[in-house]
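Structural characterization, general
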Amino acid sequence: MQGLFFESDTGVRSAIRLVVVLIGFWTAWRAGRAAAESWSNYPLVIAYTVLLAGAMQFLHHALFDGPVLSLFYYVIDLVLLLIFSTAGYRYRRTNQMVNNYYWLYEKTSPFSWKAKH
């Protein structure tokens, strides 16, 4: 067990990083779904993602001694989280539109719909 909590043990740190990244992506997906669920507009998804990117930046600093404030890494986190939150938003909004207005819309993909003719 020597090296389990030390810098030399990179396997455990890599596993923890992977878990933190997956939790961040899952949280972004759920934030997008939550905004769609409440019939909110897309700017709320962006606001949630900006806050989540700040929280992820803090986790990177607190757990892995990353930089406290780094615009470069913040933007990377923001872009990646925005992809997942947008996907969650579009997925849920598509299901809402197709299920609630089934006589008006049909699903064209998991992320889009079109008007029925």
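None of the values given here were measured: they were computed from a predicted structure.

Considerations on the UniProt feature "domain: DUF6867" (unreviewed entry) in the chain
- UniProt tags residues 16-116 as "domain: DUF6867" (unreviewed entry).
- Here residues 16-116 runs as 74% helix and 9% strand, with 47 Å between its end C-alpha atoms.

What to know about the side chain of Thr-94
- You can see Thr-94 is positioned in helix α3 (residues 71-100).
- If sequence neighbours within four positions are ignored, Thr-94 has contacts with Lys-107, Ser-109, Pro-110, Phe-111, Ser-112 and Trp-113.

Points about the UniProt feature "transmembrane region" (unreviewed entry) in the chain
- When the UniProt feature table is mapped onto this chain, "transmembrane region" (unreviewed entry) is found at residues 12-29, 41-59 and 71-89.
- What you have in residues 12-29 is 100% helix and 0% strand, and the ends, taken at the C-alpha atoms, are 26 Å apart.
- Between the C-alpha atoms that bound residues 71-89 there is a distance of 26 Å. The span itself is 100% helix and 0% strand.

Some remarks on unusual backbone geometry
- Phi at Trp-39 takes a positive value of approximately 60 degrees, unusual for a residue other than glycine.
- Looking at the element boundaries, Trp-39 is found in the loop between α1 (10-37) and α2 (42-64).
- The partly exposed category is assigned to Trp-39, whose relative accessible area is 39%.
- For Asp-65, which is not glycine, the phi torsion reads 55 degrees and is therefore positive.
- As for its placement among the helices and strands, Asp-65 is situated in the loop between α2 and α3.

Here is what the cut-offs are and how they apply
- Residues numbered from 1 in each chain as written.
- Predicted model: local features only at pLDDT ≥ 70, side-chain atom pairs only at ≥ 80, totals over all residues.
- Heavy atoms only, no water.
- UniProt positions renumbered as here; feature names shortened; annotations may be inferred.
- Helix = DSSP H or I, 4+ residues; strand = E, 2+ residues; numbered from the N terminus.
- Contact = heavy atoms within 4.5 Å.
- Buried < 20%, exposed > 50% of the residue type's maximum accessible area, 1.4 Å probe, protein only.

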